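Structure assessment
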Amino acid sequence: MEYANLIPIENMTDYPFPFFDEPIPPTETYYKVYNDGGHYIATRIYRSQAKAKSHNNTQREDIDILFDSLYNATLQDGLKADEQVAYIKAGILKLFPHCYDLDGYVADKLERKRHNLYARKKRFRRKANLNKWNYFVTFTYDDGKQDENTFRKKLRCCLSHLHTRRGWRYMGVFERAPETGRLHFHGLLYVPDGEMIGNISERTDYSTAQSKMQTTHPNDFFEKAFGRNDFEELNEMELRHGQTLNYILKYIGKTGERIVYSRGIPTEVCVKVKADDIITDMQDYGTKYILFDDVITWERDVMNFKRKQVSIFDLLCNPQRVA
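Residues numbered from 1 in each chain as written. Predicted model: local features only at pLDDT ≥ 70, side-chain atom pairs only at ≥ 80, totals over all residues. Heavy atoms only, no water.

**Observations concerning the pairing of strand β4 (residues 169-176)**
Judged by how many residues are buried, β4 sits mostly within the fold: seven of eight residues are covered. Pairing between β4 and strand β5 (residues 183-190): eight bridges, direction antiparallel. What sits directly across from R176, in β5, is L183. The pairing of β4 with strand β9 (residues 259-261) spans three bridges and is classified as antiparallel. Looking at the pairing, G172 lines up with V260 of β9. (Buried < 20%, exposed > 50% of the residue type's maximum accessible area, 1.4 Å probe, protein only. Helix = DSSP H or I, 4+ residues; strand = E, 2+ residues; numbered from the N terminus. Pairing = 2+ DSSP bridges.)

Now the structure itself:
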């Protein structure tokens, strides 16, 4: 009978597959890193996180579709709190007069909406803070050129082509002006050097909405295709102060509009972090670490980062593949 010979491993740190959640040597390991607007924040990655997430594919029922329609109507009418709840309940009872536990259903759905809105805003801020932007843009619907549906469709199609062919990146939201109800698109834009189309000029004219003179920077290509627009140059300090982000985000909660993103805008990146890169730790639903500002660079870590190409299992169990 032959017996297997067990060869002891003298240095367990050389073994490529960590058992359970044993800590990886602290000299250098992988972290998920995002930017909170002031600092880079890192969270340790453990092997248990490599499990595939299950997706809930529960089919929506008719009452759920009705609730979403009523909820969006309350946003457009500016209803809040008790008025919002009463409006939704009245609308549901018209079609579902025998709805079981209507109070609990509406309360649960509203809580989900609030949670989802918070998650969307957090994701928007993290994408905006981690990535690089050089313009704050506004595109205004012109009914002399197209209708609202074609304005939305063609503007998104144009930006998508510029992303594919010239490397533009964008994120923003459609909204209606409070005074006139005219449709706008506000967003952040990154245009690589030498990839701008059209010519940007400075124009000063009188704004009837604000009753004062204002200076804009229209692009003649977009002006011819869509109407009024403004390409305002954006520096990092203006973005970090949060006024630009707050201006965009306030419309998400008011109108329920979906955020428009181009592909390749990461919310966080997975990188190696050394002990010397960490300033201090903090507690935020778990232990997180504040990093020095020079640990993450746009060109090396963010610009070409593709999350699908690097799985957590690869990072932990096959680091030479992604080194």
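**Some thoughts on the packing of helix α1 (residues 62-77) against helix α3 (residues 102-130)**
In a pair of packed helices, the angle between the axes and the distance between the axes together describe the arrangement. Across the interface, α1 lies against α3 with an axial gap of 12 Å and an inter-helix angle of 60°. At the point where α1 passes α3, the crossing takes the right-handed sense. The residues of α3 that touch α1, namely those facing I63, D64, F67, D68 and Y71, are Y105, V106, K109, L110 and K113. Across the contact of α1 with α3, the residue classes tally to six nonpolar, no polar and four charged. (Axes fitted to C-alpha atoms, helices over the stretch in contact; angles between N-to-C directions. Left-handed = near helix turned anticlockwise from the far one by under 90°. Contact = heavy atoms within 4.5 Å. Nonpolar A, V, L, I, M, F, W, Y, C, P; charged D, E, K, R; others polar.)

**Quick word on the sheet that holds β9**
Across the sheet, five strands lie side by side as β8-β3-β5-β4-β9; this open sheet has antiparallel pairing. Edge positions in the sheet fall to β8 (229-233) and β9, since each has one partner strand and no second. For this sheet, the mean angle separating the axes of adjacent strands, direction not counted, is 20°. Looking at chain direction, strand β3 (residues 135-140) and β8 are connected through five bridges and run antiparallel. When the bridges of β8 are listed, F139 appears paired with N229. Each of β4, β5 and β9 is contacted by α3, which is oriented at about 35° to β9, the strand it contacts most. Here helix α4 (residues 148-166) sits on the sheet and contacts β3, β4, β5 and β9; the angle it forms with β4, its principal contact strand, is near 170°.

**Side note on α1**
With 16 residues, α1 extends 23 Å between its outermost C-alpha atoms, agreeing within 8% with the 22 Å of an ideal straight helix rising 1.5 Å per residue. Among the residues making up α1, those that are buried are I63, D64, L66, F67, D68, L70, Y71, A73, T74 and L75. Within two residues after α1, G78 carries a phi angle of roughly 75°, on the positive side. (Expected span 1.5 Å × (residues − 1).)

**Structural notes on the packing of aromatic side chains**
The full count for this structure, using the stated rule, is 17 aromatic pairs. Ring geometry for F139 against F231: centres 5.8 Å apart, planes inclined by 80°, an arrangement best described as edge-to-face. Residue F139 is located in strand β3, and its partner F231 is located in strand β8; the two are separated by 92 residues in the primary sequence. Its relative accessible area of 2% is what places F139 among the buried residues. With a relative accessible area of 1%, F231 lands in the buried category. Between the aromatic rings of W168 and F222, the centroid separation amounts to 6.2 Å while the plane-to-plane angle is 35°, which identifies the pairing as tilted. Here W168, found in the loop between α4 and β4, pairs with F222, found in helix α5 (residues 220-225); they are 54 residues apart in sequence, far enough to count as distant. Side by side, W168 and F222 carry an identical accessibility label, which is buried. A network of ring pairs unites the aromatic residues Y135, F139, Y141, F151, W168, F174, F185, F221, F222, F226 and F231 as a single cluster. The aromatic ring of Y34 is capped on one face by R126, whose charged end is 3.5 Å from the ring centroid. The positively charged end of K127 is found above the aromatic ring belonging to Y261, 5.1 Å away from the centroid. (Phe/Tyr/Trp six-rings, centres within 6.5 Å; stacked < 30°, edge-to-face > 60°. Lys NZ or Arg CZ within 6 Å of the ring centre and 35° of its normal.)

**Some points on the environment of T43**
Structurally, the position occupied by T43 is in strand β2 (residues 40-44). Along the sequence, T43 and G286 sit 243 residues apart, while their C-alpha atoms lie 8.7 Å from each other. Setting aside chain neighbours within four positions, we find T43 in contact with Y31, K32, T287 and K288.

**A word on helix α2 (residues 81-95)**
Between its first and last C-alpha, α2 extends 23 Å over 15 residues, near the 21 Å set by a 1.5 Å rise per residue. When α2 is considered as a whole, its buried residues turn out to be Q84, I88, G91 and I92. The buried residues of α2 occupy an angular sector of 95° when the element is viewed end-on, so they sit on one face. Summarising the geometry of α2, the exposed residues directed more than 90 degrees from the buried face are D82, E83 and K94. Buried residues along α2 sit against α1 and α3. (Arc of directions from axis to C-beta.)

**Some points on unusual backbone geometry**
Positioned with a positive phi, A81 is a non-glycine residue whose angle comes to about 50°. Within the element layout of this structure, A81 appears in helix α2. You will see that D101, though not glycine, has its phi angle at about 50°, which is positive. Residue placement: D101 occurs in the loop between α2 and α3. Of the residues examined, D101 reaches a relative accessible area of 46% and is grouped as partly exposed.

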